[in-house]
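Okay, here's what each chain looks like letter by letter:
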Amino acid sequence: MTTRELNDFLTLTGPGTPMGNLFRRYWIPALLSVEIPEPDSPPVRVKLLSERLVAFRDSQGRIGLMDEFCAHRGVSLWFGRNEEGGLRCPYHGWKYDVAGRCIEVPSEPDESAFCQKIKLKSYPCVELGDVIWTYMGPPEIKPPLPRFEWCAVPQASRFVSKRTQECNYLQAMEGGIDSAHVSFLHRYDLRSDSLHASKGAELTRGTDVRFDVIETAGGMVIGVRRPAGPGELYWRITQWIMPFHTMIPPYGDNALNGHAFVPTDDENCMSWCFTHHPTRALTDHELEVMRNGGGIHVTLIPGTFRPVVNKDNDYLMDRTAQKANRTYCGVKGIAMQDAAIQESMGPIQDRSKENLTTTDNGVIMARIRLRKAALAAAEGKPVDGLDPETHAVRSASIVLPEGANFFDAARDTLKVRTGVEHTSV
Amino acid sequence: MTTRELNDFLTLTGPGTPMGNLFRRYWIPALLSVEIPEPDSPPVRVKLLSERLVAFRDSQGRIGLMDEFCAHRGVSLWFGRNEEGGLRCPYHGWKYDVAGRCIEVPSEPDESAFCQKIKLKSYPCVELGDVIWTYMGPPEIKPPLPRFEWCAVPQASRFVSKRTQECNYLQAMEGGIDSAHVSFLHRYDLRSDSLHASKGAELTRGTDVRFDVIETAGGMVIGVRRPAGPGELYWRITQWIMPFHTMIPPYGDNALNGHAFVPTDDENCMSWCFTHHPTRALTDHELEVMRNGGGIHVTLIPGTFRPVVNKDNDYLMDRTAQKANRTYCGVKGIAMQDAAIQESMGPIQDRSKENLTTTDNGVIMARIRLRKAALAAAEGKPVDGLDPETHAVRSASIVLPEGANFFDAARDTLKVRTGVEHTSV
Amino acid sequence: MTTRELNDFLTLTGPGTPMGNLFRRYWIPALLSVEIPEPDSPPVRVKLLSERLVAFRDSQGRIGLMDEFCAHRGVSLWFGRNEEGGLRCPYHGWKYDVAGRCIEVPSEPDESAFCQKIKLKSYPCVELGDVIWTYMGPPEIKPPLPRFEWCAVPQASRFVSKRTQECNYLQAMEGGIDSAHVSFLHRYDLRSDSLHASKGAELTRGTDVRFDVIETAGGMVIGVRRPAGPGELYWRITQWIMPFHTMIPPYGDNALNGHAFVPTDDENCMSWCFTHHPTRALTDHELEVMRNGGGIHVTLIPGTFRPVVNKDNDYLMDRTAQKANRTYCGVKGIAMQDAAIQESMGPIQDRSKENLTTTDNGVIMARIRLRKAALAAAEGKPVDGLDPETHAVRSASIVLPEGANFFDAARDTLKVRTGVEHTSV
């Protein structure tokens, strides 16, 4: 039973909150590399864990991510001039380097020590996998860099997108963990979307489905089994890596897909979408489908990261398509089906009204792990998911003999093995 | 004097409020029958007394009105699939019948008792007069069905519409009770709108108007008299039936009109508009006028119940028409004049600043009756307006000899008499 | 250091606040004369210091500014009929004169004393300089009329506009006091906008600029000096007159410019823009430029006072123009640069996070003066800026010998001298 207090504990991530402090222990996807494509390109606004920040790339290509507002009189540095090694406030010309240090206050004499006292809150950044990651926690415990496979493959093997979602990160992430909904919410799309169609076992529904959840060092794996051929079971295996990464099981020849659900503020999150293939470049067909909002990706309103299909237009609900079994919930596209359903729960789902069942074991376990980790972080103890080794995992779909322990039997397929294709049927 | 406390008492109708508890003793217009036109048609969202609900018609044509959100993980059932005798949540396929009972949880074994424990809050519904009514109170004291004449006449004799209004129900309803404003706000429309034009006595203004308010078993009647021929008075008689029904006096040959002002939440209400003729079908002319937003009806934004003319466009204020005495307040159409004026008071009018006068006696009496009934309901005592006999009344316009008590003289005309036309001059 | 308490003290101006009480001691620009152009023209809504008011001009041309809502049942008098010496509520015909006195309640007998008891809150108004000014304070201490030069010159010598700004008045006004930002924020516009181009000394930047702030009876003058010819300094002198008037220094042959920053509510203000020439009519060129949003004026959304360029469209940020040094902050136009920067600080800037420097002396002094005056007002003591003599001042730009005290040397040029041109180089 999730009380309202526990719900707050799990969902609120602003400065000073227990879960916020936990999230600040990890490297966090902050923005796409292409958002600040080149030295001295325009600064962009970034909101992370309820903090308003500005990101820019300086003349040397270094990345800055710092307080959005000038330390002088509070002007947004989004209006700033990015030039000659720093970002300059347009009001009185104060200039900051990528570490948030004030390096020029034009009104003060050059010999003045004034600007040495001025420093904006600033967070270190790294670029990995076409994404700019940041670390917002105490410098002395900054963890090693993330080692997700999608970050490591050649750029041609990867497609990354992000979209805003108008709800708390937790209900979005729980959708990513929750394999059970696929057979319902996405039922008719698994055939129609070429990036999800499987040549292998069909998803079936009902009481023949079983869920096994196994805790791992960095999070957990969730195995869902369905009847396959005689004496065989078809397993779909999802990864969850602390604190907000999920990897969904692949279909047939298709690439691997994963998400990160990063809190923007308590009532909004950024849904990051990662597609990659471990051993080959993505095909033109795959890229075209994804650029057109297929697979786990969506079509965005130009100049924004908001989906064209959204709450304000009732997700372009199509009752005819729903009735005709072309979509299960009337919304088109796997990603927007998830978003619509999750946003419909309200900005922050009231979990005190839930009724959980056996298929929610993954969701329950994730909440327990997050809570434990937040409590550990509060006491200065180690937390899981910081070790890059725990990131080097894969999801899988596989047929195994009845009676096999999926985690033991599929152990190798759940690890990143460079040069070895993923397991998908 | 209406203190702020009393204002809250009278205006707030959410769960647990005294006035909310009172309203939950009555059958309430919830939605139009055509909103869920046929078995297995799409579910619709309904908000009533600050409760978010979903309505649907099952395969057998039975109507369900229940909590909008699935008991499992809180998804809106508006996205639900209405099929085979129930509404199915699109997330994991949980299914509910019209009583809100969970009848299938696909992940649980068939023999499981799990879903028998799951039940959504649900309210009984009936269809009367092309309207779906619901009862949101304790089952053991459910009253008999409403018996308003507009519900009972043949469909061809009736025209029903509804429109959202962006203010508390009480200030909308007080406009319906308040005959005194007609000679001002609607002055120039009573001639130009064929459904209100009277061949009889002209409305006059000023000090020649008198108001008599008489309490009845189900509410009250308000008689407004103006000078007519020598030794005669022209009476316009309004009905108010507990808790939110009004019937406005007719003009000449025209049909009867009434309203119900149903709280959506504390700052919004649904203005229901009922036109009917007791003894004949409505004419093509009448229907065409009403469909085009004439009489008490308005033109709506397609796909919504929001008027095209609304707060966001300043009600298409036309100062030229106001100056030229084509409209009194610059807004076109009787219904939107009422809505504009009532919404201009703010989401909830602050009645502590009012200065009431003799023509407000009806309004004052209605507040007293509502307050008394809410206090009675809180003590488990009977409340007025539940007896269907009290619904079987009519408004009237009539010329009576000077000195006559209008209530005695017009007693018969104020009752529903099947097959007998209403009284209107 | 501005604590949060002091920030509240300085920024909140609603009824009963210390700063609100101070502002209510002064004549305040309420609306443009052309908003209510002639007798019996339509009433308009006016919000001042968080009070919702309605303004109208009666049949005799007298101006009324009073509570927006009818004393009867709270209807907005914006829907009112302005006719025959008063504004009539459209609901029941109650009528008010320009002093807010109820002069007719149609439902009450003529001999009734009822309407004599009804009076709406109402504020006296005067017209000066194409602007309707009001006084919202205690009648017994109403000050003499304002004597700003722009009010006194012939209409042909004056151009007045106003625009809404989506932030607290104080951060807008501080921009008007703050000469230091001109060399940065407006750098590239001082050449391109013909109403600001100077034939004289160029603005330079950096450590050669010095600020002198001198307190005056009505506020202060801020002198900014930059190197000019040998042995000379170029001074730009700004006036601030209590509580919210600023006069910015002129350029070359151009006219004088000033502002008033009047609180609408705590998170919005009206930026009034005054251009005038002391000794000649404005030229067709000047008028055309200003009507097209040049100089200190902006282009407005038709039918509103909201700028076309605003927060919702990110001020039409043009990064190419910014990069190419056509604008400093990417926003076009001097006035909208100020507005964008000031609004970017948030609805009410959190001054507890500021880091002020020597060039902020004017801003600091204004805060001190406002605080002192508000404390004096609270004790019933005299406050500065009420004496019309203190309004009769000018800004200036002037070249003075090195070593001269600018205030003494420019003393004459800082006063209004009828028939004598202002000093501008």
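We now turn to the structure provided with this report. This structure is a prediction, so every number in the text was calculated from the model and none was measured. (Residues numbered from 1 in each chain as written. Chains lettered and ligands numbered in written order. Predicted model: local features only at pLDDT ≥ 70, side-chain atom pairs only at ≥ 80, totals over all residues. Heavy atoms only, no water.)

**Notes on the interface of chain B and chain A**
Note on interface size: it is often stated as the accessible area lost on association of the parts.
Part 1: Contacts between the two partners involve 31 residues from chain B, matched on the other side by 37 residues from chain A.
Part 2: Summed over both sides, the interface of chain B with chain A buries roughly 2700 Å², with 51% coming from carbon and sulfur.
Part 3: For the interface between chain B and chain A, the tally reads three salt bridges.
Part 4: The salt bridge partner of arginine 73 of chain B is aspartate 360 of chain A, with a shortest N-O separation of 2.7 Å.
Part 5: Considering only residue class, the side of chain B that touches chain A consists of 15 nonpolar, eight polar and eight charged. (Contact = heavy atoms within 4.5 Å. Buried area = accessible area lost by both parts, 1.4 Å probe. Salt bridge = Lys/Arg side-chain N within 4 Å of Asp/Glu carboxyl O. Nonpolar A, V, L, I, M, F, W, Y, C, P; charged D, E, K, R; others polar.)

**A closer look at the packing of aromatic side chains**
For any pair of aromatic rings, the description consists of the separation of the ring centres together with the inter-plane angle of the planes.
Part 1: Tallied over the entire structure, the rule returns 45 aromatic pairs over all chains.
Part 2: Considering the side-chain rings of tryptophan 27 of chain A and tyrosine 135 of chain A, the 6.0 Å spacing of their centres and the 50 degrees angle between planes classify their relative orientation as tilted. With tryptophan 27 of chain A in strand S1 (residues 27-32) and tyrosine 135 of chain A in strand S10 (residues 131-135), this residue pair connects regions lying 108 residues apart in the sequence.
Part 3: Ring geometry for tyrosine 315 of chain A and phenylalanine 79 of chain B: centres 5.8 Å apart, planes at 55 degrees, overall tilted. Within this pair, whereas tyrosine 315 of chain A is found in the loop between helix H7 (284-291) and helix H8 (319-323), its partner phenylalanine 79 of chain B is found in the loop between strand S4 (63-67) and strand S5 (81-83), the two belonging to separate chains. Neither tyrosine 315 of chain A nor phenylalanine 79 of chain B differs from the other in exposure class; each is buried.
Part 4: One aromatic cluster is present, formed by Trp133, Phe148, Trp150, Trp272 and Phe274 of chain A through successive ring pairs.
Part 5: Here the basic side chain of lysine 162 of chain A rests over the ring of phenylalanine 305 of chain A, its NZ or CZ set 4.4 Å away from the ring centre. (Phe/Tyr/Trp six-rings, centres within 6.5 Å; stacked < 30°, edge-to-face > 60°. Helix = DSSP H or I, 4+ residues; strand = E, 2+ residues; numbered from the N terminus. Buried < 20%, exposed > 50% of the residue type's maximum accessible area, 1.4 Å probe, protein only. Lys NZ or Arg CZ within 6 Å of the ring centre and 35° of its normal.)

**Remarks on the interface of chain C and chain A**
Part 1: With 37 residues of chain C at the interface, the matching set in chain A holds 31 residues.
Part 2: For the pairing of chain C and chain A, the buried interface totals around 2700 Å² over both sides, and the portion due to carbon and sulfur atoms is 51%.
Part 3: On the chain C side of the interface with chain A, the three residues burying the most area are Arg319, Tyr328 and Asn355 of chain C, jointly 21% of the side's total.
Part 4: Counting across the interface, chain C meets chain A through three salt bridges.
Part 5: The interface formed by chain C and chain A contains 21 residue pairs in polar contact (both at pLDDT 80 or more). (Polar contact = N/O pair within 3.5 Å; in protein donor to acceptor, adjacent residues only side chain to side chain.)

**Observations regarding the side chain of serine 122 of chain A**
Residue and element names in this part refer to chain A.
Part 1: Position of serine 122 relative to the elements: it lies in the loop between strand S8 (102-104) and strand S9 (125-128).
Part 2: A polar atom in the side chain of serine 122 sits 3.4 Å from the backbone oxygen of valine 98.
Part 3: In this structure the side chain of serine 122 is engaged in a polar contact, spanning 3.3 Å, whose partner is the backbone oxygen of alanine 99.
Part 4: Apart from the residues lying within four places of it in its own chain, the contact partners of serine 122 are Leu65, Met66, Val98, Ala99 and Gly100.

**Notes on the packing of helix H1 (residues 4-11) of chain A against helix H10 (residues 361-378) of chain A**
All names here are of chain A.
Part 1: Packing of H1 against H10 brings their axes to within 10 Å, and their N-to-C directions diverge by 75 degrees. One element, H1, and the other, H10, form an angle in the roughly perpendicular class. Note on element contacts: H10 touches H1 through Arg367, Leu370, Arg371, Ala374 and Leu375, opposite Leu6, Phe9 and Leu10.
Part 2: Of the residues assigned to the contact of H1 with H10, the class counts are six nonpolar, no polar and two charged. (Axes fitted to C-alpha atoms, helices over the stretch in contact; angles between N-to-C directions. Parallel < 35°, antiparallel > 145°, perpendicular 65-115°, else oblique.)

**Quick word on the relation of the copies chain B and chain A**
Part 1: Superposing chain B onto chain A requires a rotation of 120 degrees together with a translation of 0.0 Å along the rotation axis, leaving an RMSD of 0.0 Å. The transformation relating the two chain copies, once decomposed into turn and shift, fits a three-fold axis. Identified as the residue of chain B closest to the rotation axis by C-alpha distance is aspartate 312 of chain B, at 9.7 Å. (Least-squares fit on C-alpha atoms with pLDDT ≥ 70 in both.)

**Overview of the pairing of strand S14 (residues 232-241) of chain A**
Residue and element names in this part refer to chain A.
Part 1: By the criterion of burial, S14 is predominantly enclosed, with nine of the 10 residues buried.
Part 2: Bridging between strand S13 (residues 219-227) and S14 involves nine bridges; their strand directions are antiparallel. Each bridged residue has a counterpart across the sheet, and for valine 221 the counterpart in S14 is glutamine 239.
Part 3: Where S13 folds back onto S14 in an antiparallel hairpin, the turn is made up of four residues, including glycine 231, whose phi is positive at roughly 70 degrees.
Part 4: Sheet topology note: the S14/strand S18 (residues 396-401) ladder contains six bridges and is antiparallel. Within S18, the position partnered with isoleucine 237 by the bridge is alanine 396.
Part 5: With three bridges connecting them, S14 and strand S15 (residues 245-248) associate as antiparallel partners. The residue bridging tryptophan 240 from the neighbouring strand is threonine 246, located in S15. (Pairing = 2+ DSSP bridges.)

**Here we look at the packing of helix H4 (residues 169-177) of chain A against H10 of chain A**
Residue and element names in this part refer to chain A.
Part 1: Where H4 contacts H10, the axes come no closer than 9 Å and their chain directions differ by 130 degrees. By the angle between their axes, H4 is oblique relative to H10. Between H4 and H10 lies a crossing of right-handed hand. Note on element contacts: H10 touches H4 through Gly362, Val363, Ala366, Arg367 and Leu370, opposite Tyr169, Leu170, Met173, Glu174 and Ile177. (Left-handed = near helix turned anticlockwise from the far one by under 90°.)

**Structural notes on the sheet that holds strand S6 (residues 86-88) of chain A**
Residue and element names in this part refer to chain A.
Part 1: Spatially, S5-S6-S7-S8 is the arrangement adopted by the four strands of the open sheet, whose pairing is antiparallel. Only two strands of the sheet have a single partner each, and these edge strands are strand S5 (81-83) and S8.
Part 2: Judged from the two bridges that link them, strand S7 (residues 95-96) and S8 form a sheet pairing that is antiparallel. Note that in S8 the partner of lysine 95 across the bridge is glutamate 104.

**What about the sheet that holds strand S4 (residues 63-67) of chain A?**
All names here are of chain A.
Part 1: Taking strand neighbours across the sheet as the criterion, the three strands line up as S2-S3-S4 in an open arrangement whose pairing is antiparallel. Only two strands of the sheet have a single neighbouring strand rather than two, namely strand S2 (44-48) and S4. The average undirected angle you get between the axes of adjacent strands in this sheet is 35 degrees.
Part 2: Pairing analysis gives five bridges linking S2 to strand S3 (residues 51-57), with the strands arranged antiparallel. What sits directly across from valine 44, in S3, is alanine 55.

**Focus: the environment of alanine 99 of chain A**
All names here are of chain A.
Part 1: Counting through the fold element by element, alanine 99 comes out in the loop between S7 and S8.
Part 2: Note on alanine 99: relative accessible area 21%, which makes it partly exposed.
Part 3: In this structure, the C-alpha to C-alpha distance between alanine 99 and aspartate 130, residues 31 residues apart in sequence, is 21 Å.
Part 4: Dropping the residues within four chain positions of it, alanine 99 is found in contact with Lys119, Leu120 and Ser122.

**Some points on the pattern of salt bridges**
Part 1: For the coordinates displayed, the defined rule picks out 87 salt bridges over all chains.
Part 2: Of the charged contacts, one joins aspartate 58 of chain C and arginine 62 of chain C as a salt bridge, the two residues approaching to 2.8 Å between their closest N and O atoms.
Part 3: We note a salt bridge from aspartate 212 of chain C to arginine 225 of chain C, for which the minimum N-O separation is 3.8 Å. Here the residue aspartate 212 of chain C occupies a position in strand S12 (residues 210-215), and arginine 225 of chain C occupies one in strand S13 (residues 219-227), the gap between them amounting to 13 residues.
Part 4: On the basis of relative accessibility, which here comes to 28%, the residue aspartate 212 of chain C falls in the partly exposed class.
Part 5: Take arginine 225 of chain C: its relative accessible area is 25%, and that puts it in the partly exposed class.
Part 6: Connected through salt bridges with shared partners, the residues Arg81, Glu83, Arg88 and Glu104 of chain A form a single ionic network.

**Re helix H7 (residues 284-291) of chain B**
Residues and elements named next belong to chain B.
Part 1: Buried within H7 are the following residues: Glu286, Leu287, Val289 and Met290. What you see down the axis of H7 is that its buried residues fit within an arc of 165 degrees, all on one side. Seen from the buried face of H7, the exposed residues on the opposite side, beyond 90 degrees, are Asp284 and Arg291.
Part 2: Buried residues along H7 sit against strand S11 (158-165) and strand S17 (268-276).
Part 3: The first or second residue beyond H7 is glycine 293, which carries a positive phi of 85 degrees. (Arc of directions from axis to C-beta.)

**Let's talk about the environment of serine 161 of chain C**
Residue and element names in this part refer to chain C.
Part 1: Assignment of secondary structure puts serine 161 in strand S11 (residues 158-165).
Part 2: Of the residues examined, serine 161 reaches a relative accessible area of 15% and is grouped as buried.
Part 3: Linking serine 161 and histidine 297, residues 136 residues apart in sequence, is a C-alpha distance of 6.7 Å.
Part 4: Separated by 2.7 Å, the side chains of serine 161 and histidine 297 make a polar contact.

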